[in-house]
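Inside the fold
What follows is the residue order along each chain.
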Amino acid sequence: MKKLFPILYCGVFFALCLALGLGAFFLPADADADGRDLAPFPAFWEEGAFNADFFNEFDAWLTDHFAARRYFINANSAVKENVFRTGSDQVIVGKDGFLFYNETTADYCGESLLTREEIDAIADSLKEMADKASSYGAKLVVAVAPNKNTVYGDCMPAAYRAVRDNAPDVSNMDLLYAALAQRGVLYADLRAPLADAENLTYHKRDTHWNGEGARIAYNAILDVLEFSRDDFSAYPTVRTTDFPGDLDGMLYPGAGKTDDNYMPQYDFDSAFVYTSAGAAPMAMSLSTRGGGEGSLLIFRDSFGSALIPYFSASFRDVRYERAMPYRIDLLARHPADAVIIEIAERNIPLLLPDAVREDG
């Protein structure tokens, strides 16, 4: 009997491994389960000869298509987050349930400062855009969406905070805003309003600000432009729990985890309509018509998705563009009262003119 147990144990173990391996051939794979394309099944022959990399490519394919792979990934992530307080190469596990995007750590630790020449090149480019907008009768304002750890830095792991404490007391955002001020270009510094808010302004499990953070950013931008509007403060804030966080999706692919969101109790659906062919928040180009007055041209990135309900409900015509470099000449075909440039803090280097970037 004592000999039978090890035999049964090994038999069950190898049977399970065999079943999981064979499952790769018969069960559907979770495409992009962990944020990338899965390896394709390799070809035996290439250009009339045996594929010398077949076995390496087969190993990559089997790894990606291993049956129940997603569940093993999720179980591994749960142990790493909740026991060891670690995430992945993309996600940092912070305090109080916060997750942070790893690409923002260089900004947080002061390790990605642009040079004076690079900052000047960006500021000069934005000044040129502001002058061009003015020639069309439009104001221009720059609004950098702070990285989440810029606003909630105290929730970063202690190791990162220790590096931050010894880092330069200046950021690319500080340098850019100072250069813009010297050139008379309008900007909206969103850091203090977002950090001082009563409610959370960023999702704990997502890279971006939540509905309340977007409302605060919307008001701060329009304050700089000196435009009157509904600030949506008269409506009670409603907490929902069905927001799919992108950082959760990186750690727990396909698990259906959701995060909290905070939005004013306002009927945005009836406040504006999409006049563009598409209405997906991340579409490259969108246009809306609302019940307010005036028009806007907004260049934005993924942070701008949460701004759409507020600006679209408050203005008659709004055009949203994601493409870079920014097409300020669109004002010739789409007149606007103001141009808003919204860009994530981590993406400030993308504002470098091509010639400067190539020289660097």
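Note: the structure precedes this text.
Residues numbered from 1 in each chain as written. Predicted model: local features only at pLDDT ≥ 70, side-chain atom pairs only at ≥ 80, totals over all residues. Heavy atoms only, no water.

**Overview of the sheet that holds strand β9 (residues 272–274)**
Pairing in this open sheet of seven strands is mixed, and the strands run β6-β5-β13-β11-β12-β10-β9 from one edge to the other. Of all the strands in the sheet, the pair left with one neighbour each is β6 (186–187) and β9. Sheet topology note: the strand β10 (residues 285–290)/strand β12 (residues 317–321) ladder contains five bridges and is antiparallel. Of the residues in β12, the one forming a bridge with Leu286 is Tyr320. Against the sheet, helix α5 (residues 116–135) touches β5 (139–145), β11 (295–299) and β13 (338–344), its axis set at about 145 degrees to β5. Sheet strands in contact with helix α10 (residues 211–225) are β5, β6 and β13, and its direction is about 150 degrees off that of β5. (Pairing = 2+ DSSP bridges. Helix = DSSP H or I, 4+ residues; strand = E, 2+ residues; numbered from the N terminus. Contact = heavy atoms within 4.5 Å. Axes fitted to C-alpha atoms, helices over the stretch in contact; angles between N-to-C directions.)

**A few points about the pairing of β10**
Across three bridges, the pairing between β9 and β10 is antiparallel. Bridge pairing in β10 places Val273 opposite Arg289.

**Considering the environment of Lys148**
Turning to its location among the elements, Lys148 is positioned in helix α6 (residues 148–151). For Lys148, a relative accessible area of 4% puts it in the buried group. For the pair formed by Lys148 and Ala344, sequence separation is 196 residues and the distance between their alpha carbons is 10.0 Å. Within the structure, the side chain of Lys148 is placed 2.5 Å from the backbone oxygen of Leu99, a separation counted as a polar contact. (Buried < 20%, exposed > 50% of the residue type's maximum accessible area, 1.4 Å probe, protein only. Polar contact = N/O pair within 3.5 Å; in protein donor to acceptor, adjacent residues only side chain to side chain.)

**Re unusual backbone geometry**
Omega for the peptide link from Met324 to Pro325 comes to 0 degrees, which places this bond in the cis form. Tracing the backbone shows Pro325 in the loop between β12 and β13. The residue Asp96 is not glycine, and still its phi comes out positive at about 55 degrees. On the secondary structure map, Asp96 appears in the loop between β3 (91–93) and β4 (99–101). For Asp96, a relative accessible area of 53% translates into the label exposed. A positive phi angle, near 65 degrees, is found at Phe232, a position not held by glycine. Along the chain, Phe232 falls in the loop between α10 and β7 (237–243).

**Examining the pairing of β13**
By the criterion of burial, β13 is predominantly enclosed, with seven of the seven residues buried. By the alternation rule, side chains of β13 split into Ala338, Ile340, Glu342 and Ala344 and Val339, Ile341 and Ile343, which are all buried. Bridge analysis of β5 against β13 gives seven bridges, and the strand direction is parallel. Bridging from a neighbouring strand, Val144 pairs with Ile343 of β13. Taken together, the four bridges between β11 and β13 define a ladder with parallel strand orientation.

**Quick notes on the pattern of salt bridges**
In the structure shown here, the tally under the stated rule is 14 salt bridges. In this structure, the salt-bridge partner of Arg183 is Asp124, at a minimum N-O distance of 2.7 Å. With a gap of 59 residues between them, Arg183 in the loop between α8 (172–182) and β6 and Asp124 in helix α5 connect regions that are remote in the sequence. Residues joined by salt bridges that share partners form a network here, namely Arg116, Asp120, Asp124 and Arg183. (Salt bridge = Lys/Arg side-chain N within 4 Å of Asp/Glu carboxyl O.)

**Thoughts on the side chain of Glu345**
Tracing the backbone through its elements, the reader meets Glu345 in the loop between β13 and α13 (354–359). One buried charge, Glu345, has no salt-bridge partner; the nearest side chain with opposite charge is Arg191, at 6.2 Å. Excluding its chain neighbours within four sequence positions, the residues that come into contact with Glu345 are Asp107, Val144, Ala145, Pro146, Asn147, Thr150, Ser171 and Met173. (Lys, Arg positive; Asp, Glu negative; His and termini not counted.)

**Overview of α8**
Of all the positions in α8, only Asn172, Met173, Leu176, Tyr177, Ala179 and Leu180 are classed as buried. Projected down its long axis, α8 carries its buried residues within an arc of 160 degrees, all on one side. Of the surrounding elements, those touching the buried residues of α8 are α4 (105–108), α5, β5, β6 and α9 (191–195). Just downstream of α8 lies Gly184, where phi reads positive at about 75 degrees. (Arc of directions from axis to C-beta.)

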